[in-house]
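So the chains spell out like this:
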Amino acid sequence: MDLISRARAGEREALEELLRQNYGILKGYLLKIGCDYDLTEDLIQETMYRAVKNIKRYKATSKFSTWLITIATNLYRDQLRKGRKEILYADITDDLQYRAEQLDITLEAKEKFLQLQNIMAGLPFEKRAVLVLKHYYGYSYQEMADILQCPVGTIRSRLHYSLDYLKNKLREGGQQLG
Amino acid sequence: MDEQCKQYQLLLMDIHFGERNMDGEIKGHLEKCNDCQAYWQGLDKIEETLDALNFEPAVDYPQISEVLARVRKRESILESLKFVLVAICLLLASVLTGFKFLLFLQAFFYLTLPFLSLPLIYHYKERCDSRG
Ligand SMILES: [Zn+2]
């Protein structure tokens, strides 16, 4: 029996392995879309909990990580809907510093990391999410449309907008990041 | 930038991300349009830039265990609730239908089952001991 089937049968070891394999993707996704560190911890916890609780509802037509990302996206969206203000990176340098340290990256990479996060913060959540899903996780337009629950055409125009935005920001910043 | 170039750039983006194949028409436009050429080359540059944010955080094992424990706890609460519900239903059924013997049967099993099972437990213990 494969891992998914064992997990669906409620086998603890299989569930643990499944979560372990996808933990990095889930946490990386939340941090990349701009979720602040404390909220990321809460959302990971809640996402994994809901995924395990509803494991029987998971259809193995898509990857398990896709399912986790869909749940996490909806949870994050709920937070924004409830009026939680997105923390703008520009105002939370300390938090970013902390985050970079947590992620154990080199000093030079940290500098680029912080710059890029500042730029990304200028995008609205829905557009940032498209860029992140495409670039870091290689999702197709259709998969992104399923995750973000919107038409493929919207995904396409959001991606185009985000790329244009990034291009202009890089030009303004003298391409320091390249 | 005119509307036509805007449309071509959307198509170039599709090609860049593997959502469409390059065809003769797009290629033809790309060869004669400087704006679209710059756009096409810029896509690689943007992706290269985005790599600065590419990382995968370490696995937090205690957090995973915590989640699984939370699910287990929920399941056991649900099971207890189910048990209580069935017991209440049985009780109500016995009282309402006047089948008092159901009540007596239930009470009889509650009281005697632990004692009835003693020889069985003893038997299994013996068998385990003899197997070493
Ligand atoms: Zn053109």
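Residues numbered from 1 in each chain as written. Chains lettered and ligands numbered in written order. Predicted model: local features only at pLDDT ≥ 70, side-chain atom pairs only at ≥ 80, totals over all residues. Heavy atoms only, no water.

A short note on the overall build of chain B
Then step 1. Secondary structure assignment for chain B yields five helices and zero strands.
Then step 2. In chain B, the succession of α and β elements from N to C terminus is α-α-α-α-α.
Then step 3. Across the 132 residues that make up chain B, the buried fraction comes to 25%.
Then step 4. Considering only contacts within chain B whose residues lie at least 6 apart along the sequence, 46% involve residues at least 24 apart.
Then step 5. Accessible area for chain B stands at about 9,600 Å²; split by element, carbon and sulfur atoms hold 63% of it.
Then step 6. Looking at chain B, you have 14 positive and 19 negative side-chain charges, and the mean spots of the two groups are 19 Å apart. (Helix = DSSP H or I, 4+ residues; strand = E, 2+ residues; numbered from the N terminus. Buried < 20%, exposed > 50% of the residue type's maximum accessible area, 1.4 Å probe, protein only. Contact = heavy atoms within 4.5 Å. Areas by Shrake-Rupley, 256 points an atom, 1.4 Å probe, with all protein chains shown as cover. Lys, Arg positive; Asp, Glu negative; His and termini not counted. Charge placed at Lys NZ, Arg CZ, Asp CG, Glu CD.)

Points about the domain arrangement of chain A
All names here are of chain A.
Then step 1. Segmentation of chain A into domains returns domain 1 (3-81) and domain 2 (89-172).
Then step 2. At the junction of the two partners, domain 1 supplies 19 residues and domain 2 supplies 20 residues.
Then step 3. Of the roughly 1,700 Å² buried between domain 1 and domain 2, counting both surfaces, carbon and sulfur atoms make up 59%.
Then step 4. Among the residues of domain 1 in contact with domain 2, Lys 32, Tyr 37 and Arg 77 are the three that bury the most area, contributing 36% of the side total.
Then step 5. There are one salt bridge connecting domain 1 and domain 2.
Then step 6. Its salt-bridge partner being Glu 126, residue Arg 77 comes within 2.9 Å of it at the nearest N-O pair. (Domains from an automatic or database assignment. Buried area = accessible area lost by both parts, 1.4 Å probe. Salt bridge = Lys/Arg side-chain N within 4 Å of Asp/Glu carboxyl O.)

What about the confidence of the model for chain B?
Then step 1. Looking at chain B, pLDDT values average 87 and 97% of them are 70 or higher.
Then step 2. Under the prediction, the complex receives an ipTM of 0.83, its pTM being 0.79. (pLDDT = per-residue confidence, 0-100.)

Description of the packing of helix α7 (residues 125-135) of chain A against helix α9 (residues 152-172) of chain A
Residues and elements named next belong to chain A.
Then step 1. For the pair α7 and α9, interaxial distance at closest approach is 9 Å and the crossing angle is 90 degrees. What the angle tells us is that α7 and α9 run roughly perpendicular. Residue-level contacts link Glu 126, Lys 127, Val 130, Leu 131 and Lys 134 of α7 to Ile 155, Arg 158, Leu 159, Tyr 161, Ser 162, Leu 163 and Leu 166 of α9.
Then step 2. Partitioning the contact of α7 with α9 into residue classes produces seven nonpolar, one polar and four charged. (Axes fitted to C-alpha atoms, helices over the stretch in contact; angles between N-to-C directions. Parallel < 35°, antiparallel > 145°, perpendicular 65-115°, else oblique. Nonpolar A, V, L, I, M, F, W, Y, C, P; charged D, E, K, R; others polar.)

Structural notes on the side chain of Thr 47 of chain A
Then step 1. One can find Thr 47 of chain A in helix α3 (residues 37-53).
Then step 2. Those residues in contact with Thr 47 of chain A, other than ones at most four positions away along the chain, are Leu 26, Leu 68, Ile 71, Ala 72 and Leu 75 of chain A.

As for the coordination of the zinc ion
Residue and element names in this part refer to chain B.
Then step 1. Protein coordination of the zinc ion is provided by Cys 5 (SG), His 29 (NE2), Cys 33 (SG) and Cys 36 (SG), with donor distances spanning 2.1 to 2.3 Å.
Then step 2. Relative to the metal, the four donor atoms surrounding the zinc ion lie at angles of 97 to 119 degrees, and the coordination shape comes out tetrahedral.
Then step 3. Taken in sequence order, the residues that donate to the zinc ion follow the motif C-x23-H-x3-C-x2-C. (Donors = N, O, S within 2.8 Å, 3.2 Å for Na, K, Ca; no water. Tetrahedral: all angles 85-135°; square planar, octahedral: opposite > 155°, others 65-115°.)

Notes on the interface of chain A and chain B
Then step 1. Listed as interface residues are 44 residues of chain A and, on the opposing side, 37 residues of chain B.
Then step 2. Between chain A and chain B, a total of about 4,100 Å² is buried, with carbon and sulfur atoms accounting for 67% of that surface.
Then step 3. For the pair chain A and chain B, the interface holds three salt bridges.
Then step 4. The salt bridge involving Asp 14 of chain B is made with Arg 156 of chain A; its shortest N-O contact spans 2.8 Å.
Then step 5. Between the two partners, chain A and chain B, sit 12 residue pairs in polar contact (both at pLDDT 80 or more).
Then step 6. At the level of elements, α2 (12-32), α3, α6 (107-120), α7 and α9 of chain A are the ones that each hand at least two residues to the side of chain A that touches chain B.
Then step 7. Here the side of chain A that touches chain B takes 12 residues from α2 of chain A, the largest share from any one element.
Then step 8. Here the residues of the side of chain A that touches chain B are counted per class, giving 21 nonpolar, 10 polar and 13 charged. (Polar contact = N/O pair within 3.5 Å; in protein donor to acceptor, adjacent residues only side chain to side chain.)

What about the pattern of salt bridges?
A side chain of one charge can pair with a side chain of the opposite charge when the charged atoms of the two come close.
Then step 1. Taken as a whole and assessed by the stated rule, the structure comprises 15 salt bridges over all chains.
Then step 2. Between Arg 6 of chain A and Glu 11 of chain A there is a salt bridge whose closest N-O contact spans 3.0 Å.
Then step 3. Glu 11 of chain A gets classed as partly exposed once you look at its relative accessible area, which sits at 30%.
Then step 4. One network of salt bridges, with partners in common, ties together Glu 46 and Arg 50 of chain A together with Arg 70 of chain B.

With respect to the environment of Gly 153 of chain A
Then step 1. Checked against the element boundaries, Gly 153 of chain A lands in helix α9.
Then step 2. Separated by 70 residues in sequence, Gly 153 of chain A and Gly 83 of chain A have C-alpha atoms that sit 28 Å apart.

Points about the domain arrangement of chain B
Then step 1. Once the domains are mapped, chain B shows domain 1 (3-53) and domain 2 (61-131).
Then step 2. The C-alpha-based centres of domain 1 of chain B and domain 2 of chain B are spaced at 67 Å.

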